[in-house]
Amino acid sequence: MNHHTAVQQQKDFSQGKVWRNITAQAVPLTIAQLIHLLYNIVDRIYIGHLPEVGSLALTGVGLTFPFSTFILACANLFGTGGTPLFSIARGAKEEERAKDILGNVFTLTLASSVVIFLLCYLFRVPVLYLFGASDATIGYAESYLRIYLYGVLFSMIVTGMNGFISALGFPKTAMWTTVIGAVLNLILDPIFIFGLNLGVQGAAIATVISQGVSAVWIMRFLLGKQNEYKLTLAHMRLKLRLVKEILGLGVTGFMQQFTNCLVQIVCNATLQTYGGDVYVGIMTIINSIREIASLPVSGLSSGGQPVLGYNYGAGKNHRVKEGIRFMSIAGVVYTAVMWAVILLFPAAFIRIFSTDAETIELGIRATRIYFMGFVFMSLQFMGQSTFVGLGKAKRAVFFSILRKVVIVVPLTLLFPVFLGTDGVFLAEPVSNLIGGLACFLTMWFTVYRKLE
């Protein structure tokens, strides 16, 4: 078998074992997402261990999460909207449509990054106070955010466009897109934070430089010869009907992240009211643990989408059902194991980010409460990824809103009235149970059982 034939088979998701196709996509994607997380996770680890001011500085950086989550949401609006359409078009052999989708997503990404930068930069200080900043933490939050925002364009290109590389059958290339930037961030962080004594500003500078390098790398692929769907000006001209399709499907990915942003804001503000800066810092740590722990199931659902979409476009519904079964079982097994590990060793995870005795003591109880319903989170992932992969945007959007806006936010405001800070952390497992089951069962009965 020559190299060209091997590459063509790699791209054709209608051939070979479905679970192998999904795994081949998911493993590099998971590694790539893990490495991408290092941009922020490593920042938090270094900042949390700054002498004397580590806890306050970590809390300050945690208050900027809604900004980075909102940027990610906007990138997902175009990226997760275009990628499934791109996969379906490839499966249906509609080459020109696939090229138009890629080009239109890139144009939308560029234009929106300018608007986002201006809005976030101009209103950063009053919004940070709204998000739960105190006079003790606003300096750290503003110093980090002011510099971080200069990397909005780079961040959106990496987040919005990298999925197309994976959808083309080059998951390892997609992985290397983030490896280069993350390794650079690992090197630059201690230099800027400690070596040049820049603190949180140094962490932001290192992140922006690293994301810039990643963006250059991804553009090199999109414009290179190895990409048969090369990005060109002709395909970058916006087509209204296509834009509507991209936004219609991408609103799912947007709502997933935007509702995360909303939950972060409500949680931080409520914790500031009932517990103060120390609990906002604990939530920053718990969010970091959750991001790491959920990566494999997130990678599995993301890796499965192009496989499900391709086979759905090719009319191979039995392979779509097989893929859904594999993703569901693997997701539940993994999250059950990970939940047990976190339940048994919460302090070990917290110490990665802080050695403050009060943070560790209070954080152990909060972590155990927060992760009680972790296994049900995988059901939400699998249900929504199936809806998105098959182009059923409205259902996926509905369940994003149901879990985060209809369940989590009200419970986060209500529970603390009776339970104090414990109520904020309890809202998450309750929402995972109700929202996860509702999403998965709806997918199973309305989509899976009808794929004959």
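The paragraphs below set out a description of the structure included in this document. For clarity, every value in this text was computed on a predicted model and none was experimentally measured.

### Re the pattern of salt bridges
Summed over all chains, the structure comprises seven salt bridges. With a closest N to O distance of 2.7 Å, Arg97 and Glu245 form a salt bridge. Placement of the pair is Arg97 in helix H5 (residues 95-122) and Glu245 in helix H12 (residues 240-274), with a sequence separation of 148 residues. The partly exposed category is assigned to Arg97, whose relative accessible area is 26%. The partner of Glu428 in a salt bridge is Arg403, with the nearest N and O atoms 3.6 Å apart.

### Observations concerning the layout of surface pockets
If you add up the space inside the largest pocket, you get close to 210 Å³. Of all the secondary structure elements, the ones that give two or more residues to the lining of the largest pocket are helix H4 (65-91), H5 and H12. Class assignment of the residues belonging to the lining of the largest pocket gives a composition of twelve nonpolar, no polar and no charged.

### Digging into the environment of Ser134
Note on placement: Ser134 falls in the loop between helix H6 (124-130) and helix H7 (138-148). The exposure class of Ser134 is buried, given its relative accessible area of 15%. The spatial distance from the C-alpha of Ser134 to the C-alpha of Gly276 is 8.8 Å, given a sequence separation of 142 residues. Contact partners of Ser134, with chain neighbours within four places excluded, come to Tyr129, Gln272 and Asp277.

### Looking at the packing of helix H9 (residues 171-195) against helix H10 (residues 199-222)
The contact between H9 and H10 brings their axes to 8 Å, and the two run at 155 degrees. Compared by their axis directions, H9 and H10 come out roughly antiparallel. The two elements H9 and H10 meet at a crossing, and its hand is right-handed. Of the residues in the contact of H9 with H10, the class split is 14 nonpolar, ten polar and one charged.

### Some words on H7
Counting buried positions over the eleven residues of H7 gives eight, a clear majority of the element. Those residues of H7 that fall on the buried side of the exposure criterion are Ile138, Ala141, Glu142, Ser143, Tyr144, Leu145, Ile147 and Tyr148.

### Let's talk about the packing of helix H8 (residues 152-167) against H9
Contact pair H8 / H9: the axes reach a minimum separation of 7 Å and the direction vectors enclose 155 degrees. Taken together, H8 and H9 sit at an angle that is classed as roughly antiparallel. Remark: the crossing between H8 and H9 carries right-handed chirality. Of the residues in H9, those in contact with Val158, Asn162, Ile165 and Ser166 of H8 are Pro171, Thr173, Ala174, Thr177 and Thr178. Of the residues that constitute the contact of H8 with H9, the class distribution is four nonpolar, five polar and no charged.

### Focus on the nonpolar core
One finds Phe86, Met161 and Phe425 to be the most contacted residues of the largest nonpolar core, which totals 129 residues. In terms of residue count, H12 provides more of this core than any other element does, twelve residues in total. Residues contacting Phe86, with those up to four places away along its chain left out, are Ala98, Ile101, Leu102, Phe164, Ala167, Leu168 and Tyr229.

### Some words on unusual backbone geometry
In most cases, non-glycine residues show a negative phi, while peptide bonds are predominantly trans. Within the chain, Asn197 stands out as a residue other than glycine whose phi angle is a positive 55 degrees. Turning to its location among the elements, Asn197 is positioned in the loop between H9 and H10.

### Observations regarding the environment of Ala89
For Ala89, the location among the structural elements is in helix H4. Between the C-alpha atom of Ala89 and that of Tyr310, which follows or precedes it by 221 residues, the distance is 8.0 Å. Setting aside chain neighbours within four positions, we find Ala89 in contact with Glu94, Arg97, Ala98 and Ile101.

Cut-offs used in this document
- Residues numbered from 1 in each chain as written.
- Predicted model: local features only at pLDDT ≥ 70, side-chain atom pairs only at ≥ 80, totals over all residues.
- Heavy atoms only, no water.
- Salt bridge = Lys/Arg side-chain N within 4 Å of Asp/Glu carboxyl O.
- Helix = DSSP H or I, 4+ residues; strand = E, 2+ residues; numbered from the N terminus.
- Buried < 20%, exposed > 50% of the residue type's maximum accessible area, 1.4 Å probe, protein only.
- 1 Å grid on protein atoms, 1.4 Å probe; cavity = no way out; pocket = protein on both sides within 12 Å on 5 of 7 lines; lining within 4 Å.
- Points joined across faces, edges and corners; volume = space filled by probe spheres on them.
- Nonpolar A, V, L, I, M, F, W, Y, C, P; charged D, E, K, R; others polar.
- Contact = heavy atoms within 4.5 Å.
- Axes fitted to C-alpha atoms, helices over the stretch in contact; angles between N-to-C directions.
- Parallel < 35°, antiparallel > 145°, perpendicular 65-115°, else oblique.
- Left-handed = near helix turned anticlockwise from the far one by under 90°.
- Core = buried A, V, L, I, M, F, W, Y, C linked by side-chain atoms within 4.5 Å.

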